[in-house]
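Structural characterization, general
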Amino acid sequence: TDLWRVPHDPDWAESGVGLASEYGCGDDGATCDSPDDDVVITNGVLGYEEAGPGDTFLKIGVGALVKGSCEDCNGDVYKFNKQ
């Protein structure tokens, strides 16, 4: 598919060598937009779909965030849970 580069080139900077500082695609929600409807790409969040407005969810590599705490949640910054 178009989701993976073949053949893999470990010398190319975007080949994912090492750990990412934050996991996900930057889209709002639990999944990322995908060019293939049969492929589900997770956005690195746990508990997002279960959390209501004002509740917390976990963003892997970031921490506990408050759902609905950004203006339009499309590239804006979520507030951290301070508990």
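This text follows the structure it describes.
The shown structure was predicted, so the numbers you read here are calculated from the model rather than taken from an experiment.

Thresholds applied
- Residues numbered from 1 in each chain as written.
- Predicted model: local features only at pLDDT ≥ 70, side-chain atom pairs only at ≥ 80, totals over all residues.
- Heavy atoms only, no water.
- Helix = DSSP H or I, 4+ residues; strand = E, 2+ residues; numbered from the N terminus.
- Buried < 20%, exposed > 50% of the residue type's maximum accessible area, 1.4 Å probe, protein only.
- Contact = heavy atoms within 4.5 Å.
- Areas by Shrake-Rupley, 256 points an atom, 1.4 Å probe, with all protein chains shown as cover.
- Patch = residues over 30% accessible without salt bridge, like charges linked within 9 Å, V, L, I, M, F, W, Y side chains within 5 Å.
- Salt bridge = Lys/Arg side-chain N within 4 Å of Asp/Glu carboxyl O.
- Pairing = 2+ DSSP bridges.

What follows covers the overall build of the protein. When you go through the protein residue by residue, the secondary structure sums to zero helices and five strands. In the protein, the order of α-helices and β-strands from amino to carboxyl end is β-β-β-β-β. A total of 83 residues make up the protein; the buried ones form 24% of that total. Across the protein, every contact between residues at least 6 apart in sequence was considered, and the portion connecting residues at least 24 apart equals 14%. Accessible area for the protein stands at about 6500 Å²; split by element, carbon and sulfur atoms hold 50% of it.

The next thing to look at is a nonpolar patch on the surface. A surface patch of nonpolar side chains, amounting to about 330 Å² of accessible area, comprises Tyr-23, Leu-46, Leu-58 and Ile-60. As for its position among the elements, Ile-60 is in the loop between β4 (56-59) and β5 (63-66). We classify Ile-60 as partly exposed; its relative accessible area is 34%.

As a further point, take the pairing of β5. Direction of pairing for β4 relative to β5: antiparallel, over a ladder of four bridges. Its bridge partner being in β5, Phe-57 is matched across the sheet by Leu-65. From the end of β4 to the start of β5, which pair antiparallel, there are three residues, and Gly-61 there has a positive phi angle of about 85°.

Turning our eyes to something else, we now look at the sheet that holds β5. With antiparallel pairing, three strands are arranged side by side in an open sheet as β3-β4-β5. The strands lining the two open edges of the sheet, one partner per strand, are β3 (45-46) and β5.

Honestly, it's all geometry; don't read function into it.
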